[in-house]
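Summary of the model geometry
The primary structure of each chain is shown beneath.
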Amino acid sequence: MTTAPLFLVDGIDAPAGAETVLDGPEGRHAATVRRLRPGEALMLSDGRGAVAHAEAVAPVGRDALAVRLLDVVHVPRPAVRVVVAQALVKGDRGELAVETATEAGADGFLPWKAARCVARWDDGPRGAKALERWRSTVREAAKQARRPWQPEVGEPVSTRQLAQRVAGADLALVLHESARAGLADVELPRSGEVLLAVGPEGGVDEHELAALTGAGAVPVRMGPEVLRASTAACVALGAIAVRTGRWDAADPGG
């Protein structure tokens, strides 16, 4: 059975049994693109843990849909939250990195302006546009994955700023191909924030590695293979999810 599509809304205030109107871009997508018919199932989420299972009632004009809420649940945040510091990647591989990481369970992102990044985000309109592309990609990936919590994408950080964030995390990991320890060798916290730093295609340089480890980060490798910057976070998140039991959680779409 296909899982009902999820649409993001500003909030879910109505009780179960009530009717509401899904409008705006999400309503247009439901009514015009998906063409949901009366009785078809859908989900609404505010991206902050509230999920409503609902059914379509009737179109409201061309760009909105009346829906009936069947039940509303509130899904708590995962006990272990993983924030990915993703180095900027050239071309559309940056969007690929945050898309797959969102589907794999990342709870947040920090665009990292690492020394060996080929891609450069300036402080003007071009940088703002690139950041918005990441945020839009994460939003759509979270919908596709039916995630009750939408990951946040923070402002770009330098290595110095990232080191400051490392110091405040419950555990910080740096993926590095020359690390002696594997991810499976590191003890993960039962709760709190895990910061996962993923370098660019050229790798994390020695000065950056020294700055991050000096702040408390642990270098780890995934295995004998060298992963691309656009896929490393996704693979690491899968391993972390298995070890923390995150993938044992109930499906909010069920």
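Residues numbered from 1 in each chain as written. Predicted model: local features only at pLDDT ≥ 70, side-chain atom pairs only at ≥ 80, totals over all residues. Heavy atoms only, no water.

As for the UniProt feature "domain: Ribosomal RNA small subunit methyltransferase E PUA-like" (unreviewed entry) in the protein
The criterion, for reference: UniProt positions are given in the numbering used here, feature names are shortened, and annotations may be inferred rather than shown by experiment. By the criteria applied, helices consist of DSSP H or I runs no shorter than four residues and strands consist of E runs no shorter than two, each listed in order from the N terminus.
Sites flagged by UniProt as "domain: Ribosomal RNA small subunit methyltransferase E PUA-like" (unreviewed entry) map to residues 22-67. Its end C-alpha atoms 7 Å apart, residues 22-67 is made of 22% helix and 41% strand.

Brief notes about the state of the cysteines
Operational definition: In this description, the term disulfide denotes a pair of cysteine sulfurs within 2.5 Å. Relative accessibility decides the category of a residue: with a 1.4 Å probe and only protein chains considered, values under 20% of the type maximum give buried, values over 50% give exposed, and everything between is partly exposed.
In the structure shown here, the tally under the stated rule is zero disulfides. Looking at the unpaired C117, the closest cysteine sulfur is the one in C234, lying at 19 Å. In this structure C117 comes out as buried when scored by relative accessible area, which is 3%.

Here's the deal with the nonpolar core
One broad rule of soluble globular proteins: the nonpolar side chains tend to lie buried together. Put simply, the test is: Definition of nonpolar core: a set of buried residues of the types Ala, Val, Leu, Ile, Met, Phe, Trp, Tyr and Cys, connected through side-chain atoms within 4.5 Å. Contact criterion: two residues are considered in contact whenever any of their non-hydrogen atoms come within 4.5 Å of each other.
One finds V84, L162 and L195 to be the most contacted residues of the largest nonpolar core, which totals 51 residues. Here this core gets six residues from one element, more than from any other, and that element is strand 6 (residues 80-87). When sequence neighbours within four positions are dropped, the list of residues in contact with V84 reads A106, G108, F109, L110, L196, V198, A233 and L237. Core analysis: the next-biggest nonpolar cluster, separate from the first, contains 15 residues, V9, I12, L44 and A54 among them.

Digging into helix 4 (residues 159-168)
Residues lying three or four places apart along an α-helix face the same way, a consequence of the helix completing one turn every 3.6 residues. We apply this condition: The arc in question is the one spanned by the directions pointing from the helix axis to the C-beta atoms.
Within the span of helix 4, buried status applies to T159, L162, A163 and V166. Down the axis of helix 4, the sector holding all buried residues measures 105°, keeping them to one side. When the buried face of helix 4 is taken as reference, the exposed residues oriented beyond 90 degrees from it are R160, Q164, A167 and G168. Packing partners of the buried residues in helix 4 comprise strand 6, strand 7 (108-112), strand 9 (171-175), strand 10 (192-198) and helix 5 (206-214).

Thoughts on unusual backbone geometry
Backbone geometry at R35 places phi at a positive 50°, although glycine is not the residue there. Among the secondary structure elements, R35 is positioned in the loop between helix 1 (24-33) and strand 3 (41-45). Although it is not a glycine, R146 sits at a positive phi angle of roughly 55°. Following the sequence through the fold, R146 ends up in the loop between helix 3 (125-144) and strand 8 (152-153).

Brief notes about the pattern of salt bridges
Inclusion rule: What makes a salt bridge here is a side-chain nitrogen of Lys or Arg within 4 Å of a carboxyl oxygen of Asp or Glu, nothing more.
Taken as a whole, this structure holds twelve salt bridges when the rule is applied. Linking R68 and E19 is a salt bridge whose minimum nitrogen-to-oxygen distance equals 3.0 Å. With R68 in strand 5 (residues 65-74) and E19 in strand 2 (residues 19-22), this pair connects stretches of sequence that are 49 residues apart. Using a relative accessible area of 48% as the deciding quantity, one classes E19 as partly exposed. For E193, the salt bridge identified is with R165, shortest N-O distance 3.2 Å. Of this pair, E193 sits in strand 10 while R165 sits in helix 4, and the two are 28 residues apart along the sequence. Its relative accessible area of 15% is what places E193 among the buried residues. Among the residues examined, R165 registers a relative accessible area of 31% and is labelled partly exposed. Salt bridges linked by common partners bring E19, E55 and R68 together as one network.

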